[in-house]
Amino acid sequence: TQSTWGVAVVCGRTADNPGLFEQCLRAGCTHVYLEKPGAPDAAQLSEMASSAARVGVPVLMGFNKNVAPYARAAREALAATPGASLTFEHSNAFPADLTECFARNREGLLRNMLVHE
């Protein structure tokens, strides 16, 4: 059994999540929290689930909010655990020209954003 934990919270752009997820698995994370919807389509989600199962990494999917009780609990656990570290990151570096965002979100950018808020 592993004696250390490596917990990853993946909440990037939907199109980037599969790659970020695989990076977490390769880095040796022992648990992954994946922001919904997780991937652009069900086939990619299935591939991601298979990858996690192959290495025995449990994956939880949900809706990330930095003000959510689990985020506060993580900060409290960090404060109470000597030597522990916690990093919250985001990758919302949108270009000034949002044409790509509209093209990628054919169902409509408004609908896509409402799913996440």
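Look up: the structure comes first, before these words.
Please read these numbers as outputs of a predicted model, since none were measured by experiment. Along each chain, numbering runs from 1 in the same order as the chain's sequence is written. Only residues with pLDDT of 70 or above have their local features reported here, since the model is predicted, and side-chain atom pairs are shown and tallied only from 80 upward, although totals for entire chains, interfaces and linings are computed over all residues. Processing note: side-chain calculations cover all non-hydrogen atoms of the structure and skip hydrogens and water entirely.

A few words now on the nonpolar core. In these notes, a set of buried Ala, Val, Leu, Ile, Met, Phe, Trp, Tyr and Cys residues joined through side-chain atoms within 4.5 Å is what counts as a nonpolar core. Relative accessibility decides the category of a residue: with a 1.4 Å probe and only protein chains considered, values under 20% of the type maximum give buried, values over 50% give exposed, and everything between is partly exposed. Ala8, Val10, Phe21, Cys24, Leu25, Cys29, Val32, Leu34, Ala39, Met48, Ala52 and Val57 together form the largest nonpolar core, which totals 12 residues. Under the scheme used here, helices are H or I runs from DSSP no shorter than 4 residues and strands are E runs no shorter than 2 residues, and both carry numbers assigned from the N terminus. Listing elements by their share of this core, those giving two or more residues are β1 (7-10), α1 (17-26), β2 (31-35) and α2 (42-55). If one sorts the elements of this core by residue count, α1 sits on top with 3 residues. In what follows, a contact means two residues having at least one pair of non-hydrogen atoms within 4.5 Å. The residues contacting Ala8, other than those within four sequence positions of it, are Cys24, Cys29, His31, Val32 and Tyr33.

Moving on to the sheet that holds β1. The strand order β1-β2-β3 describes an open sheet built from 3 strands, whose pairing is parallel. Two strands lie at the open edges of the sheet, namely β1 and β3 (59-62), each paired on one side alone. In this sheet, neighbouring strand axes are inclined to one another by 15° on average, regardless of whether the strands run parallel or antiparallel. Only strands joined by at least two bridges in the DSSP assignment are considered to pair. Relative to β3, β2 runs parallel, the two being bridged by 4 bridges. Looking across to β3, one finds that Tyr33 is bridged to Leu60. Sheet contacts for α1: β1, β2 and β3; angle to β2, the most-contacted strand, approximately 170°. Here an axis means a line fitted to C-alpha atoms, over the contact stretch when the element is a helix, while the angle between two N-to-C directions is reported on a 0 to 180 degree scale.

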